[in-house]
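# Analysis of the macromolecular model
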Amino acid sequence: MISHRLTLEYTLHPGWLAPFVEGIASGNAMARRCKSCAGTSFPPLRVCLCSETEGEWVKLSGMAHILFRTSGQDGDFGLVQFDGATTKTTLRLIDIADEDTCGVIAAPKSNLPMLCLTRLPSGRST
Amino acid sequence: MQISDVMVTGAALTPFNRRRDGTGFRDWVVSAFGTALELSGLDRSDIQALYVASESDFFHLQLNPASVLATELGLTGVAATRCEGGGASGQIAVHTAARAIQAGAAKHVAVVGVDPSASSLSGDAIRELYGFSFDAWTDGMTGLTSTALYALSYQVFAAEHGTTEADLTTVTCQNRSNACHNPGAHLHRRDGPQEITDSPPIAIPYQRLHCSPLSDGAAALILSRRDAMPANRATAPTLAGMGAASDHMHLGARENAGSFAAKTQAMQRACAEVGIGPGEIGIAEIYDAYAGAQLQAIAALGLSAEVSRDLQAGAFAPTGRCAINLSGGLMGQGAPVGATGVGQTATCALILEGRYHPELQPQTLPRYALADTHGGVCTLAAVTILERGSSAL
Ligand SMILES: [Zn+2]
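This structure is a prediction, so every number in the text was calculated from the model and none was measured.

## What to know about the overall build of chain A
Looking only at helices and strands, chain A has one helix and eight strands in total. Written out in order from the N terminus, the α and β elements of chain A read α-β-β-β-β-β-β-β-β. For chain A, the spread of C-alpha atoms along the principal axes amounts to about 60 × 40 × 25 Å. For chain A, the proportion of contacts with a sequence separation of at least 24, taken over those separated by at least 6, is 46%.

## Some thoughts on the interface of chain B and chain A
Interfaces are frequently sized by the accessible area removed from exposure as the parts join. At the interface, 30 residues of chain B touch 34 residues of chain A. Of the roughly 2500 Å² buried where chain B meets chain A, counting both sides, 68% is carbon and sulfur surface. At the boundary of chain B with chain A, the tally comes to zero salt bridges. Linking chain B to chain A there are 13 residue pairs in polar contact (both at pLDDT 80 or more). Listed by contribution, the elements that provide at least two residues to the side of chain B that touches chain A are helix 6 (136-140), helix 7 (146-161) and strand 5 (201-203) of chain B. Top element by residues in the side of chain B that touches chain A is helix 7 of chain B. It accounts for eight residues. Within the side of chain B that touches chain A, the residues separate by chemical class into 19 nonpolar, nine polar and two charged.

## Topic: the coordination of the zinc ion
Residues and elements named next belong to chain A. Within the protein, the zinc ion binds to Cys34 (SG), Cys37 (SG), Cys48 (SG) and Cys50 (SG); these donor distances fall in the range 2.2 to 2.4 Å. Its four donor atoms give the zinc ion angles of 105 to 116° at the centre, a pattern that matches the tetrahedral case. Judged by relative accessible area, which is 38%, Cys50 ranks as partly exposed.

## Looking at the packing of helix 4 (residues 89-102) of chain B against helix 14 (residues 337-352) of chain B
Residue and element names in this part refer to chain B. The N-to-C vectors of helix 4 and helix 14 enclose an angle of 55°; their axes lie 5 Å apart at closest approach. With respect to their mutual orientation, helix 4 and helix 14 come out oblique. Listed contacts from helix 14 to Gly90, Gln91 and Val94 of helix 4 are Gly338, Gly341, Val342, Gln344 and Thr345. Among the residues making up the contact of helix 4 with helix 14, the classes are represented as two nonpolar, six polar and no charged.

## Considering the pairing of strand 1 (residues 30-34) of chain A
All names here are of chain A. In terms of residue burial, strand 1 counts as a mostly covered element, since four of its five residues are buried. Pairing of strand 1 with strand 3 (residues 55-59), which is carried by five bridges, proceeds in the antiparallel orientation. Bridging from a neighbouring strand, Ala31 pairs with Val58 of strand 3. Across two bridges, the pairing between strand 1 and strand 2 (residues 40-41) is antiparallel. The partner of Arg33 across the bridge, within strand 2, is Thr40. In this antiparallel pair of consecutive strands, strand 1 and strand 2, the connection spans five residues, and Ala38 shows a positive phi of 65°.

## As for helix 8 (residues 165-179) of chain B
An α-helix turns once every 3.6 residues. As a result, residues three or four positions apart point the same way. Residue and element names in this part refer to chain B. The terminal C-alpha atoms of helix 8 lie 21 Å apart, and with 15 residues this matches the ideal 21 Å at 1.5 Å per residue to within 8%. A large share of helix 8 lies buried, amounting to 11 of its 15 residues. All of the buried residues along helix 8 are Asp167, Leu168, Thr169, Thr170, Val171, Thr172, Gln174, Asn175, Arg176, Asn178 and Ala179.

The rules behind these values
- Residues numbered from 1 in each chain as written.
- Chains lettered and ligands numbered in written order.
- Predicted model: local features only at pLDDT ≥ 70, side-chain atom pairs only at ≥ 80, totals over all residues.
- Heavy atoms only, no water.
- Helix = DSSP H or I, 4+ residues; strand = E, 2+ residues; numbered from the N terminus.
- Contact = heavy atoms within 4.5 Å.
- Buried area = accessible area lost by both parts, 1.4 Å probe.
- Salt bridge = Lys/Arg side-chain N within 4 Å of Asp/Glu carboxyl O.
- Polar contact = N/O pair within 3.5 Å; in protein donor to acceptor, adjacent residues only side chain to side chain.
- Nonpolar A, V, L, I, M, F, W, Y, C, P; charged D, E, K, R; others polar.
- Donors = N, O, S within 2.8 Å, 3.2 Å for Na, K, Ca; no water.
- Tetrahedral: all angles 85-135°; square planar, octahedral: opposite > 155°, others 65-115°.
- Buried < 20%, exposed > 50% of the residue type's maximum accessible area, 1.4 Å probe, protein only.
- Axes fitted to C-alpha atoms, helices over the stretch in contact; angles between N-to-C directions.
- Parallel < 35°, antiparallel > 145°, perpendicular 65-115°, else oblique.
- Pairing = 2+ DSSP bridges.
- Expected span 1.5 Å × (residues − 1).

Given below as structure tokens:
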């Protein structure tokens, strides 16, 4: 048996997804609105569910309703519906209590484009 | 040529487990291939093409494994192709190989599936890599694990279909119980409700024991054209129909995040090729990466309109109308990714010929068997329907 450690330093380019990726880094939800049906996908779809390829970037409010959630050793994650989006989103939940039904997008503490939802500032609701 | 002119003349699996015997993935492939070739009655020189299923170079640290394995198997000179589709890799290799025979490109081909998913890297490293099985930019980098995505998808399914924790328990107990009779299975343990409850929560509703283990292992098939079939293989089953389909890579962009729509489409394509409905399937090897995924698959494949009721009535037990995962499935037999789909097809073929492990072999040979595999959270589905050979009874 041999033991071998391999370290890989990737340089990844988001290409078309750049507005989405840069939005996440600054805590903004950049979605793609379809030119034909106005369907708004977040995460963005290059080709809309209606098959249209033309669209524009729009900034969502960042607030989302939690539809389903899971927790355990792997962390806290949810399937949520962002206000203004027509698709749903899977993401990481940060500091969101079990009874909370909504949250707001948060900039990740990591250098990765980590899609996170955190609790709303008190007194604010969607 | 029809797909039913493609016969499974050889089928074999190595044990699936965590290897501690100093062997490597090349050894396992050589072993599975040797056993399958022996069953086929063919000579190594009869094999005209090799199809290799392996999910990731990260696991075995061998890029271009098809060429390496061609040499290891003494097949240098054959056309060698590597097939990959995440968890569906093995089934995709079966499809690619079978279509090559159907197209008239070869008379006899070998399919091998392999991955060292247990012994080469730490469990945490494998789980991190698996996270990139989904959209790496939107899910992988968010740290969404396979278990978390499956848990969210299953919750949507359960809310719609009314499946319960008791159903997850039944699937878990049934698959692990079957595995106890499979000497090649990774887990030989009879998990009960208490053991499941006591196991650590990974991503609710999934506890550790609702999950399939990471395994090492290989599986192999020899596929032959009907008019070139060796005389001693008159009982060999046929590949009666195959289907594959894909779904949206983002769970949230799907019309129904709990439904395995790609599996439904793949199954419809396979059934159309055979000319049967799902109700005629007698046994099935289902892709049970998690207990709930088996329930979602049963619904998507059309094997039941009321999954919970049929499950609890024993429809999918070893003596039920459609025995599911007699091998133990991924949850009991284990999951060396590339070997999974090839192993499922091999298992179905051995059962249809009455050659399976004695305690699991049905007394009456079913006519049709289903091998069901997918990659991602059923982002890519591939199913194969096998039919008992006409001389097998
Ligand atoms: Zn559109």
